[in-house]
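Descriptive structure summary
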Amino acid sequence: MKRRAPLTTAGVLCLWSACGPTSPVTPGEPQGWAVVEPGEELPGGAATTQASDVQAFSRPAPNLPTERLSAFGAGEALFEADWFAAPHARADRDGLGPLFNAVSCEACHFQNGRGTPPLSEDQPTVSLLLRLSVPGTGEHGGPRPEPTYGDQLQTRSIPGVPAEGRATLEWEERSGTFADGEAWTLRAPRYRLTQLAHGPLAADVRVSPRVAQPLVGPGLLEAVPEAQLLEWADPDDANGDGISGRPNRVWSARRGRVELGRFGWKANQPDLEQQNAGALRGDLGITTPLFPTEACAPAQTACLDAPTGGIPELDAGKLDALTAYTAGLAVPARRGHDTPQVLRGKDVFHRVGCARCHRPSLDTESHQRLWPYSDLLLHDLGDGLADGYDDFLATGREWRTPPLWGLGLTRTVSGHSRLLHDGRARSPLEAILWHGGEASASRDAVLQSSRAERDALLSFLDSL
């Protein structure tokens, strides 16, 4: 009988993206990448925190100017606050809904960590959202909303307004073996939408499940020079290495123009303000100056007639504070970055080609070196992860390379190790095995690697 691999490890991850191998993975001594590079122990540079506890993703950057700490604190209070249906005695906290998925930002981003899919059919989908669309292009080139339910299935509502429906998951197990005979298993989710309040969904509806992403150094990612990302882009794979990352181009509601997308699983938001305002409207039903209308589809009369907490329900000053909070969050320091096992894993990471998309480092315009392990570009990850959901320029097979900094603290902060855009992977190794498309060669190299090399690779990821 073949030995079954312990695919749950101490490490955790977000979506590990595509890459092709740069050299064969062979047994033996570590090669050229098994060295400590200056500064890599502090991924966020001066914005790195030494915290490695449950609050590791919630600390302000150590270099945050004193004059910005007040806004950071005000934004933190808003992030953690529960909201109520209007009218409510707490006028500064009413306006929840009419449709919503959660009552606070923290309900999805617990401790600023990663969301998870329901672990049983009885659990609600709190930190897993289902985006909806139909073929075609919507306003400003974005997705075209489902005609009856809009762009997101809201599973909760205020009194007098019907919730849109309920989502449950079923899992289909798949299995295989590494070249050395060790077995692995994966689980593919299947979604079932029931209790639909307004009749069936459009026959050609597209459903895109997405868990909440960890909030690790988002302000630093906003500071990455656009020129750096465009330098890395190779949309037509002109260099023939099998990697064709490209930027998404999305609509900026603030500036009324198309800009480079940086945030979200498909890089569909240009900046933190719009990312926050979009989540407030879609997930909590809170309007802002950027998005002043409720998320009610035209046919949802009870939703349209429901009381509001004002127009907008969260004013410009509070949106600024919330944006200041997310922009000021620190990045946790590496743990054990210079140990032989981690350095050997770093060498494997580079040799199988992961660093071609999970770019280790970059310099900001203020000459600060960061180590996010991302290029923030879109990559085709194949049929296994495809959702068929087009999002501006992102196709149904493309996903943004997520940063890997903070990866090894996910279980500490979030209490689980679910990874990828829908949380299907139970470990970093499962996340790797789900990769296809541009990442096929790297995945195959890992399948051919030895147990010792896989263990080293996971140790490296756990140190991030």
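Residues numbered from 1 in each chain as written. Predicted model: local features only at pLDDT ≥ 70, side-chain atom pairs only at ≥ 80, totals over all residues. Heavy atoms only, no water.

Before going further, it helps to spend a moment on the overall build of the protein chain. When its secondary structure is counted, the protein chain shows twelve helices and 15 strands. Relative to the compact-globule value of 23 Å for 464 residues, the protein chain shows a C-alpha radius of gyration of 22 Å, a close match. Taken along its principal axes, the extent of the C-alpha atoms in the protein chain is 70 × 55 × 40 Å. Looking at the protein chain as a whole, 55% of its 464 residues are labelled buried. Contacts in the protein chain between residues at least 24 apart in sequence constitute 71% of all its contacts with a sequence separation of at least 6. For the protein chain, the exposed surface amounts to about 17900 Å²; the carbon and sulfur share of it is 51%. Charged side chains in the protein chain number 44 positive and 58 negative. The centres of these two groups are separated by 4 Å. (Helix = DSSP H or I, 4+ residues; strand = E, 2+ residues; numbered from the N terminus. Rg over C-alpha atoms; globule rule 2.2 N^0.38 Å. Buried < 20%, exposed > 50% of the residue type's maximum accessible area, 1.4 Å probe, protein only. Contact = heavy atoms within 4.5 Å. Areas by Shrake-Rupley, 256 points an atom, 1.4 Å probe, with all protein chains shown as cover. Lys, Arg positive; Asp, Glu negative; His and termini not counted. Charge placed at Lys NZ, Arg CZ, Asp CG, Glu CD.)

In this section: the nonpolar core. If you look at the biggest cluster of nonpolar residues, it comprises 38 residues, and the most contacted ones within it are Phe 349, Tyr 373, Trp 434, Phe 460, Leu 461 and Leu 464. If one sorts the elements of this core by residue count, helix 10 (residues 428–434) sits on top with five residues. Among the nonpolar cores identified, the runner-up in size contains 26 residues, and Trp 83, Leu 96, Phe 100 and Leu 280 belong to it. (Core = buried A, V, L, I, M, F, W, Y, C linked by side-chain atoms within 4.5 Å.)

Residues three or four positions apart in an α-helix share a direction because the helix packs 3.6 residues into each turn. Taking 1.5 Å per residue, 15 residues should reach 21 Å; helix 1 (residues 66–80) reaches 22 Å between its end C-alpha atoms and fits that length. Every buried residue of helix 1 is accounted for by Phe 72, Gly 75, Leu 78 and Phe 79. Buried residues in helix 1, looked at end-on, bunch into an arc of 120°, giving them a common side. The exposed set on the far side of helix 1, more than 90 degrees from its buried face, consists of Thr 66 and Ser 70. (Expected span 1.5 Å × (residues − 1). Arc of directions from axis to C-beta.)

Moving on to the state of the cysteines. Inspection of the entire model under this criterion finds one disulfide. You can see Cys 108 has no disulfide; the closest cysteine sulfur is in Cys 105, sitting 8.3 Å from it. (Disulfide = S-S within 2.5 Å.)

Counted under the stated rule, the structure contains 28 salt bridges. Asp 53 is the partner of Arg 59 in a salt bridge, and the nearest nitrogen-oxygen pair spans 3.1 Å. Via salt bridges that share partners, Asp 180, Glu 182, Arg 451, Arg 454 and Asp 455 belong to a single interconnected network. (Salt bridge = Lys/Arg side-chain N within 4 Å of Asp/Glu carboxyl O.)

Where two aromatic rings form a pair, the distance of their centres and the angle of their planes describe that pair. All told, the structure shown has five aromatic pairs when counted by the stated rule. A ring pair is formed by Phe 349 and Phe 460, whose centres lie 5.1 Å apart and whose planes are at 50°; its orientation type is tilted. A residue pair is termed long-range when its members are at least 10 positions apart, and Phe 349 in helix 8 (residues 340–351) and Phe 460 in helix 12 (residues 451–462) qualify at 111 residues. Phe 460 matches Phe 349 in its accessibility class, with the two residues each being buried. With a centroid separation of 5.8 Å and an interplanar angle of 70°, the aromatic rings of Tyr 373 and Phe 460 are classed as edge-to-face. Within this pair, whereas Tyr 373 is found in the loop between strand 13 (369–370) and strand 14 (378–380), its partner Phe 460 is found in helix 12, the two being separated by 87 residues in sequence. (Phe/Tyr/Trp six-rings, centres within 6.5 Å; stacked < 30°, edge-to-face > 60°.)

Further remarks concern helix 5 (residues 272–284). Compared with an ideal rise of 1.5 Å per residue, which puts 13 residues at 18 Å, helix 5 spans 17 Å between its outermost C-alpha atoms and is within 8% of the ideal. Residues of helix 5 that are buried make contact with strand 2 (99–100), helix 2 (105–108), strand 3 (128–137), helix 3 (218–222), strand 9 (249–252) and helix 7 (316–327). One side-chain oxygen of the residue at the start of helix 5 lies 3.4 Å from the amide nitrogen of Glu 273, identifying that residue as Asp 271. (Polar contact = N/O pair within 3.5 Å; in protein donor to acceptor, adjacent residues only side chain to side chain.)

Each neighbour pair has its own omega, and for Ala 86 with Pro 87 the value is -5°, a cis peptide bond. Among the secondary structure elements, Pro 87 is positioned in the loop between helix 1 and strand 2. Put simply, Gly 97 and Pro 98 share a cis peptide bond, and its omega is 15°. Locating Pro 98 in the fold gives a position in the loop between helix 1 and strand 2. Backbone geometry places Asp 237, a non-glycine residue, at a positive phi of 50°. Phi is positive for Leu 376, close to 60°, though the residue is something other than glycine. Relative to the assigned elements, Leu 376 resides in the loop between strand 13 and strand 14.

Spatially, 4-3-8 is the arrangement adopted by the three strands of the open sheet, whose pairing is antiparallel. Looking along the sheet, the strands with just one partner apiece sit at the ends: strand 4 (143–144) and strand 8 (206–211). One ladder, built from six bridges, connects strand 3 with strand 8; its direction is antiparallel. Bridging from a neighbouring strand, Leu 130 pairs with Pro 209 of strand 8. (Pairing = 2+ DSSP bridges.)

In this model, the protein chain carries an average pLDDT of 92, and 93% of its residues clear a pLDDT of 70 or more. Note that residues 1–30 has pLDDT below 50 and, in this model, 137 contacts with residues that lie over four places away or in other chains. (pLDDT = per-residue confidence, 0-100.)

Look at helix 1 against helix 7: their axes get within 7 Å of each other, and the N-to-C directions meet at 100°. What the angle tells us is that helix 1 and helix 7 run roughly perpendicular. Side by side, helix 1 and helix 7 meet where Arg 68, Ala 71, Phe 72, Ala 74, Gly 75, Glu 76, Leu 78 and Phe 79 of the first sit next to Lys 318, Ala 321, Leu 322, Ala 324, Tyr 325 and Ala 327 of the second. Residues that form the contact of helix 1 with helix 7 fall into these classes: ten nonpolar, one polar and three charged. (Axes fitted to C-alpha atoms, helices over the stretch in contact; angles between N-to-C directions. Parallel < 35°, antiparallel > 145°, perpendicular 65-115°, else oblique. Nonpolar A, V, L, I, M, F, W, Y, C, P; charged D, E, K, R; others polar.)

So, on to the side chain of Glu 313. Checked against the element boundaries, Glu 313 lands in the loop between helix 6 (301–305) and helix 7. There is a polar contact of 3.0 Å between the side chain of Glu 313 and the backbone nitrogen of Gly 309. Apart from the residues within four sequence positions on either side, Glu 313 is in contact with Trp 83, Asp 94, Gly 95, Gly 285, Ile 286, Thr 287, Glu 294 and Thr 308.

What follows deals with the environment of Val 54. Along the polypeptide, Val 54 turns up in the loop between strand 1 (48–49) and helix 1. Here the alpha-carbon distance between Val 54 and Ser 414, two residues 360 residues apart in the chain, equals 7.7 Å. Setting aside residues no more than four positions away along its own chain, Val 54 makes contact with Gln 111, Thr 412 and Val 413.

Okay, the side chain of Ser 414 next. As for its placement among the helices and strands, Ser 414 is situated in helix 9 (residues 410–414). Beyond its immediate sequence surroundings of up to four residues, Ser 414 is in contact with Gly 113 and Arg 114.

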